[in-house]
Amino acid sequence: MKNLLEVDIKVPNQTRYLSLIGKIGEDIANTLKRFNNSDPEELAYHINLVITEAMANAIKHANQNDPTKDVHICICLSDQELCIKVYDQGQGFDINQIETTDPDPQQDHGRGIFLIRALMDRVSYERCATGHVLEMRKSLKTLPKKRN
Amino acid sequence: MNVTLQEFDKAISVSIEEERLDAHNSNELKAQLLNLFEEGKINIIIDLKSVRFIDSSGLGALVSGFKNASSRNGGVKLCGLQPQVKSMFELTRLHRVFEIFPGIDEALATF
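Just so you know, these numbers come straight off a predicted model, no measurement behind them.

Caption draft 1: Representation of the overall build of chain B in the model. Looking only at helices and strands, chain B has four helices and seven strands in total. Counted from the first residue to the last, chain B has its helices and strands arranged as β-β-β-α-β-β-α-β-α-β-α. Rg of the C-alpha trace for chain B: 12 Å, near the compact-globule value of 13 Å for 111 residues, within the 12% margin. Here the C-alpha coordinates of chain B stretch approximately 30 × 25 × 25 Å along the principal axes. In chain B, 70% of the contacts between residues at least 6 apart in sequence involve partners at least 24 apart. Surface summary for chain B: the accessible area is close to 4,900 Å², and the carbon and sulfur share equals 44%. Here chain B carries 12 positive and 15 negative side-chain charges, and the mean point of each set is 8 Å from the other.

Caption draft 2: Looking closely at the pattern of salt bridges. Summed over all chains, the structure comprises eleven salt bridges over all chains. A salt bridge links E81 of chain A to R137 of chain A; the shortest N-O distance between them is 2.2 Å. In this pair, E81 of chain A is assigned in strand β3 (residues 81-88) and R137 of chain A in strand β5 (residues 131-139), connecting sequence segments 56 residues apart. The closest approach of N and O atoms between E99 of chain B and K77 of chain B, which form a salt bridge, is 3.4 Å. Of the two residues, E99 of chain B is situated in the loop between α3 (83-91) and β7 (100-101) and K77 of chain B in strand β6 (residues 75-79); the sequence distance between them amounts to 22 residues. Residue classification places K77 of chain B among the buried positions, given a relative accessible area of 8%. A single salt-bridge network, built from bridges that share partners, covers E81, R122, E135 and R137 of chain A.

Caption draft 3: Seen up close, the pairing of strand β2 (residues 12-16) of chain B. Residues and elements named next belong to chain B. Of all five residues making up β2, five are buried, and the element is well covered by its neighbours. Alternating residues of β2 divide into I12, V14 and I16 and S13 and S15, and every residue in both groups is buried. As consecutive antiparallel partners, strand β1 (residues 3-7) and β2 are separated by four residues. As paired elements, β2 and strand β4 (residues 43-47) share four bridges and run parallel to each other. From the neighbouring strand, I12 faces β4, where its bridge partner is I44.

Caption draft 4: Here's a closer look at the packing of aromatic side chains. All names here are of chain B. Applying the stated rule across the entire model yields three aromatic pairs over all chains. For the pair F66 and F98, a centre-to-centre distance of 5.3 Å together with 70° between the ring planes defines the contact as edge-to-face. Within this pair, whereas F66 is found in helix α2 (residues 56-71), its partner F98 is found in the loop between α3 and β7, the two being separated by 32 residues in sequence. In terms of burial, F66 and F98 fall into one category: buried.

Caption draft 5: Representation of the state of the cysteines. All names here are of chain A. This structure, assessed with the given rule, holds zero disulfides over all chains. Sulfur of C74: no disulfide; nearest cysteine sulfur belongs to C76 and is 3.8 Å away. With a relative accessible area of 6%, C74 lands in the buried category.

Caption draft 6: Seen up close, the interface of chain A and chain B. Contacts between chain A and chain B engage 26 residues on the former and 24 residues on the latter. Between chain A and chain B, roughly 2,200 Å² of surface is buried when both sides are summed, and carbon and sulfur atoms account for 56% of that area. Viewed at the interface, chain B and chain A are joined by one salt bridge. Inspection of the region where chain A meets chain B yields nine residue pairs in polar contact (both at pLDDT 80 or more). At the level of secondary structure, the elements contributing two or more residues to the side of chain A that touches chain B comprise α1 (18-30), α2 (40-62) and α3 (112-119) of chain A. Its residues assigned to classes, the side of chain A that touches chain B comprises nine nonpolar, eight polar and nine charged.

Parameters at a glance
Residues numbered from 1 in each chain as written. Chains lettered and ligands numbered in written order. Predicted model: local features only at pLDDT ≥ 70, side-chain atom pairs only at ≥ 80, totals over all residues. Heavy atoms only, no water. Helix = DSSP H or I, 4+ residues; strand = E, 2+ residues; numbered from the N terminus. Rg over C-alpha atoms; globule rule 2.2 N^0.38 Å. Contact = heavy atoms within 4.5 Å. Areas by Shrake-Rupley, 256 points an atom, 1.4 Å probe, with all protein chains shown as cover. Lys, Arg positive; Asp, Glu negative; His and termini not counted. Charge placed at Lys NZ, Arg CZ, Asp CG, Glu CD. Salt bridge = Lys/Arg side-chain N within 4 Å of Asp/Glu carboxyl O. Buried < 20%, exposed > 50% of the residue type's maximum accessible area, 1.4 Å probe, protein only. Pairing = 2+ DSSP bridges. Phe/Tyr/Trp six-rings, centres within 6.5 Å; stacked < 30°, edge-to-face > 60°. Disulfide = S-S within 2.5 Å. Buried area = accessible area lost by both parts, 1.4 Å probe. Polar contact = N/O pair within 3.5 Å; in protein donor to acceptor, adjacent residues only side chain to side chain. Nonpolar A, V, L, I, M, F, W, Y, C, P; charged D, E, K, R; others polar.

Now the structure itself:
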């Protein structure tokens, strides 16, 4: 599976960069108009959202708002899927401990991982050399070729 | 966070003049709403017509405002949701928590 596009970015551990990176993800998703993946604008919004959620988790929870740390984001697009990896420098958490049921509507927190799981096809959180990596994958179905 | 406040007889409207309501600015909204509650303004209409993007922190700030208003026997109602923003309320079932109106006038009529 050859990558059509690969974007690798490292930003300081600050929430001010959420909109910048989210927008890059959105712009990449907007190039996928030839894929038969629902409404392209909706997909673009969802990609912006999952990047924003994953980065905010990395900045606030994993990296504990430490301004000396970084968040590293890798967006890879192949002809079959869009893969987004968000690397933190923290101690990590067990993603399987987070409930998969709908979040309590009366709670003012705890919807981030729920949204990522709801909008992406495969989600994992694993240890890596510098900390942990949240990997989010979305399958891209190609449109059937037109017959002449 | 840029907001525009408009006072009416029965409520105050808070128009959020930001394209994004996310983990970067949602705490500011929480603080602004708390200030209003402390001033005794417990009936609030939040106008989201300029907001193109909302994340879980933004939703959380609105829920926090809703709970604070309810505990003071007031209310937080929403209006002006763009389609993608509205779909986030539906995905998280928050459309069952909030009363949502097309515009400020329609929300105001229900206080």
